[in-house]
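Observations on the three-dimensional arrangement
Spelled out from the first residue to the last, the chains are:
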Amino acid sequence: MKKRIPILVTLAIIVAAGYRYISIIPENVGTGETAKSPNGRYEASAMEWHSESFWGRKRHWLRFEIKDVKSGAVVNTLETTPIEGPYFGSRSDHRVVFWSDDSREVRFVFPTVEIKMAVEADDD
């Protein structure tokens, strides 16, 4: 019986650790909105992210990004703490991403703040 106790404790720890690991997969969960620029060259996204580590450390942030559609390269990016405002994303009618007509600037519009990001102007 004394030999079984360490084995049972070890198994209990393995099962508990496995359950915890499975309960937090995937580690990063995000939702948001993307919009292509009027010229079709860029795509802007506003994503809300949540993560939790194995040890319970939680993180909540927003990532704003502009990518070149053709190459996939990130042209501009910004991460912030959460911003107060309405829910946005694929299951919402509320929009936060607005491109300028000339595709040189994108605005991320929230009730208390507006973030502007620019792309480099080119001659093509």
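Residues numbered from 1 in each chain as written. Predicted model: local features only at pLDDT ≥ 70, side-chain atom pairs only at ≥ 80, totals over all residues. Heavy atoms only, no water.

Considering the environment of Phe98
Keep this limit in mind: Only runs of H or I of at least four residues qualify as helices and only runs of E of at least two qualify as strands under DSSP, and these elements are numbered from the N terminus.
Note on placement: Phe98 falls in strand β5 (residues 97-99). C-alpha separation for the pair Phe98 and Ser37, spaced 61 residues apart in sequence, amounts to 8.7 Å.

What to know about the pairing of strand β1 (residues 28-36)
Two faces belong to every sheet, and in a regular strand the side chains alternate between them. So the rule is basically this: At least two DSSP bridges between two strands are required for those strands to pair.
With nine bridges connecting them, β1 and strand β2 (residues 42-52) associate as antiparallel partners. Note on β2: the bridge partner recorded for Thr34 is Ser45.

Section: the packing of aromatic side chains
When we look at a pair of aromatic rings, we describe it by the centre distance and by the angle of the planes. Note the following rule: Only the six-membered ring of Trp is used, alongside the rings of Phe and Tyr, when aromatic pairs are assigned; centres must lie within 6.5 Å, and planes under 30 degrees apart are stacked while those over 60 apart are edge-to-face, with the rest tilted. The buried label applies to any residue whose accessible area, calculated with a 1.4 Å probe on protein chains only, is under 20% of its type's maximum; exposed applies above 50%, and partly exposed to all values in between. Whether a charge sits over a ring comes down to the Lys NZ or Arg CZ being within 6 Å of the ring centre and within 35 degrees of the ring normal.
What the rule picks out here adds up to four aromatic pairs. When the ring of Phe64 is compared with that of Phe110, the centres are 6.1 Å apart and the planes differ by 80°; the resulting orientation is edge-to-face. With Phe64 in strand β3 (residues 58-68) and Phe110 in the loop between β6 (105-109) and β7 (114-118), this residue pair connects regions lying 46 residues apart in the sequence. Residue class for Phe64 comes out buried when judged on its relative accessible area of 1%. Phe110 gets classed as buried once you look at its relative accessible area, which sits at 6%. These aromatic residues form a ring-pair network of at least three members: Phe64, Phe108 and Phe110. One Lys or Arg, Arg59, reaches over the ring of Trp61 and ends 3.8 Å from the middle of that ring.

Digging into the nonpolar core
Most often, soluble globular proteins keep nonpolar side chains buried together rather than apart. Selection criterion: As used here, the term nonpolar core means buried Ala, Val, Leu, Ile, Met, Phe, Trp, Tyr and Cys residues forming a set that is joined through side-chain atoms within 4.5 Å. Should any heavy atoms of two residues lie within 4.5 Å, those residues are counted as being in contact.
Core analysis: the largest hydrophobic core is formed by 16 residues, its most contacted members being Phe64, Ile66, Val97, Trp99, Val106 and Phe108. Looking at this core, the elements with two or more residues in it are β2, β3, β5, β6 and β7. Those residues in contact with Val106, other than ones at most four positions away along the chain, are Ala44, Ile66, Val97, Phe98, Trp99, Ile115, Lys116 and Met117.

Observations regarding the pattern of salt bridges
Quick note on the threshold: A pair is scored as a salt bridge if a Lys or Arg side-chain nitrogen falls within 4 Å of a carboxyl oxygen belonging to Asp or Glu.
Tallied over the full model, the rule gives six salt bridges. Taking the shortest distance from any N to any O, the salt bridge between Asp68 and Arg41 comes out at 3.5 Å. With Asp68 in strand β3 and Arg41 in the loop between β1 and β2, this residue pair connects regions lying 27 residues apart in the sequence. Accessibility expressed as a relative area gives 12% for Asp68, which makes it buried. Taken together, the shared-partner salt bridges connect Arg59, Arg63 and Glu79 into one network.

Description of unusual backbone geometry
With phi around 65°, Ser103 is a residue other than glycine that occupies positive phi space. Mapping Ser103 onto the fold places it in the loop between β5 and β6.

Let's talk about the sheet that holds β3
Condition: Axis angles are defined between N-to-C directions and span 0 to 180 degrees, where every axis is a line fitted to C-alpha atoms and, for a helix, only to the segment in contact.
Within the open sheet, the four strands sit side by side as β1-β2-β3-β4. Their pairing is antiparallel. Because the sheet does not close on itself, it has two edges, and the strands there are β1 and β4 (74-80). For this sheet, the mean inter-axis angle between neighbouring strands, taken without regard to orientation, is 15°.

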